[in-house]
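# Per-entry structural report
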Amino acid sequence: GAVVSQHPSWVICKSGTSVKIECRSLDFQATTMFWYRQFPKQSLMLMATSNEGSKATYEQGVEKDKFLINHASLTLSTLTVTSAHPEDSSFYICSAQNRGKAGNTIYFGEGSWLTVV
Amino acid sequence: AQSVAQPEDQVNVAEGNPLTVKCTYSVSGNPYLFWYVQYPNRGLQFLLKYITGDNLVKGSYGFEAEFNKSQTSFHLKKPSALVSDSALYFCAVRGGGGSYIPTFGRGTSLIVHP
C-alpha cells in the first residue's frame, strides 16, 4: 500500500514554544490531507482538512491560529502547534489520500506524540 | 450527515476462535466503507474497503468484512483469531456525494486471549 511518513514520532517541547509536525506522502500525490488528534484509548478527532494550494478547513472548536496547517505541495503538509501548552499534549496523526474518487483509500502516518512540559 | 457506529467498546475472544467486530453506518448515496487497525502508539493501518461489487471483501492479515446494504452494516470478521490481532479497530465511511471527509467510528478494542 501507499506510504505516508510522519515526523517526528516523538517530540517534547517547553510550554510557550512552537513545534512543527510534517506529513509526507512518499509514493503518491496527496491532494487532500487530514489532521487528527487522538487522546489515549479514544477515537480520532478530526482537526482540519488540508487541500494542496489552499487554506485548510478547520473543524469547529479547533483554533486555526494555534494549529497552523500548510499544504504547500502534493506530497507535504505540516502542522505547527504554536505557543504550545501542556493541554496540547496528545497524539497527532495525519492521513493522506490520492486525488480523485471518494473510494480511494486514505493512508495514515505513524503519528506524532507531542508532550509539552 | 454521515455517521458510523461501533457498538462495542471491547471485544474479547479466545485465540483460534472466530471474531466479529461490528460496524453500522449511515450515509447519503452509495457508501464507501473502510476498516483500519491501530496498534499501540502507532498510526492506523488500512485493512480493507468496500466500494462496489462483491459484498464480501477480503483484506490484510486474513480479515474480511461483509457489506450488508439492508442492515447498513459492514462487520469485520476473521475465522481464527490470533493473539497478535489484539489492537484497536476503526470502521470508517465516506459518502459518494462529493464529501471526501471520512467519518470514523469510536473504535473497538479487540483482545484475543491465549
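Below is a summary of the structure that appears in this document.

Definitions and cut-offs
In this numbering scheme, every chain counts its residues from 1 along its sequence in written order. Chain letters and ligand numbers both follow the written order, the letters beginning at A and the numbers at 1. The model is predicted, so local features are restricted to residues of pLDDT at least 70 and side-chain atom pairs to those at 80 or more, both for listing and for counting; the totals for chains, interfaces and linings are taken over all residues. The side-chain figures draw on all heavy atoms in the structure; neither hydrogens nor water molecules are used. Each helix corresponds to a stretch of at least 4 residues labelled H or I by DSSP, and each strand to a stretch of at least 2 residues labelled E; elements are numbered beginning at the N terminus. For a compact globule the rule gives 2.2 Å times the number of residues to the power 0.38, and the radius of gyration it is set against comes from C-alpha atoms. Whether a residue is buried, partly exposed or exposed follows from its accessible area with a 1.4 Å probe, protein chains only, as a fraction of its type maximum: under 20%, in between, or over 50%, in that order. Should any heavy atoms of two residues lie within 4.5 Å, those residues are counted as being in contact. Residue-level accessible areas treat just the shown protein chains as cover; the underlying method is Shrake-Rupley with a 1.4 Å probe. In this description, a disulfide is simply a cysteine sulfur pair whose atoms lie within 2.5 Å. Aromatic pairing here means that ring centres of Phe, Tyr or Trp (its six-membered ring) are within 6.5 Å. Orientation follows from the plane angle: under 30 degrees is stacked, over 60 is edge-to-face, and everything else is tilted. Note on pairing: DSSP must find at least two bridges between two strands before they are called paired. Between the N-to-C directions of two axes lies an angle of 0 to 180 degrees, each axis being a line fitted to C-alpha atoms and, for a helix, fitted only over the stretch in contact.

The helix and strand inventory of chain B stands at zero helices and twelve strands. The helix and strand sequence of chain B, counted from the amino end, reads β-β-β-β-β-β-β-β-β-β-β-β. At 13 Å, chain B has a C-alpha radius of gyration in line with the 13 Å of a compact globule built from 114 residues. If one aligns the C-alpha atoms of chain B with their principal axes, the spans along those axes are about 45 × 30 × 20 Å. A total of 114 residues make up chain B; the buried ones form 45% of that total. Of all intrachain contacts in chain B linking residues separated by at least 6 positions in sequence, the fraction that spans at least 24 positions is 57%. Of the accessible surface of chain B, which amounts to about 5300 Å², a share of 49% is contributed by carbon and sulfur atoms.

As a further point, take the state of the cysteines. Inspection of the entire model under this criterion finds two disulfides over all chains. Across a sulfur-sulfur distance of 2.0 Å, A:Cys23 and A:Cys94 are joined as a disulfide pair. Disulfide A:Cys23 to A:Cys94: torsion about the S-S bond roughly 80°, handedness right-handed. One end of the pair, A:Cys23, is in strand β3 (residues 19-25); the other, A:Cys94, is in strand β9 (residues 90-98), and 71 residues separate them in sequence. The disulfide bridge from B:Cys23 ends at B:Cys91, spanning 2.0 Å between sulfur atoms. An S-S torsion of about -60° defines the bridge between B:Cys23 and B:Cys91 as left-handed. Residue B:Cys23 is located in the loop between β3 (19-21) and β4 (24-26), and its partner B:Cys91 is located in strand β10 (residues 87-95); the two are separated by 68 residues in the primary sequence. Across this residue pair, the class does not change: B:Cys23 and B:Cys91 are buried. Cysteine A:Cys13 remains unbridged, with the sulfur of A:Cys94 as its closest cysteine sulfur at 18 Å.

Our focus in this paragraph is the packing of aromatic side chains. Applying the stated rule across the entire model yields 17 aromatic pairs over all chains. Summarising the aromatic geometry, the rings of A:Trp10 and A:Trp113 are spaced 6.1 Å apart at their centres and angled 20° between planes, so their arrangement reads as stacked. Taken together, the residues span a long stretch of sequence, with A:Trp10 in strand β2 (residues 10-13) and A:Trp113 in strand β11 (residues 112-116) at a distance of 103 residues. What makes A:Trp10 exposed here is its relative accessible area of 59%. Between A:Tyr36 and B:Phe104, the aromatic rings sit 5.7 Å apart at their centres with planes inclined by 85°, giving edge-to-face as the arrangement.

Moving on, we get to the pairing of strand β9 (residues 73-78) of chain B. Residues and elements named next belong to chain B. Within β9, five of the six residues are buried, which leaves the element mostly enclosed by the surrounding structure. Alignment of β3 against β9, held across three bridges, turns out to be antiparallel. If you follow leucine 19 over to β9, its bridge partner there is lysine 78. Summarising the sheet, strand β8 (residues 64-68) and β9 pair through five bridges and their orientation is antiparallel. Looking across to β9, one finds that alanine 65 is bridged to leucine 76.

Okay, the sheet that holds strand β7 (residues 67-73) of chain A next. All names here are of chain A. Read across the open sheet, the four strands follow the order β1-β3-β8-β7; overall the sheet is antiparallel. Looking at which strands have only one partner, the edges of the open sheet turn out to be β1 (4-7) and β7. Strand-to-strand twist in this sheet, taken as the mean axis angle between neighbours without regard to direction, amounts to 15°. Strand direction decides the pairing type here: β3 and strand β8 (residues 76-81), joined by six bridges, are antiparallel. Paired with glutamate 22 across the two strands is threonine 78, which belongs to β8.

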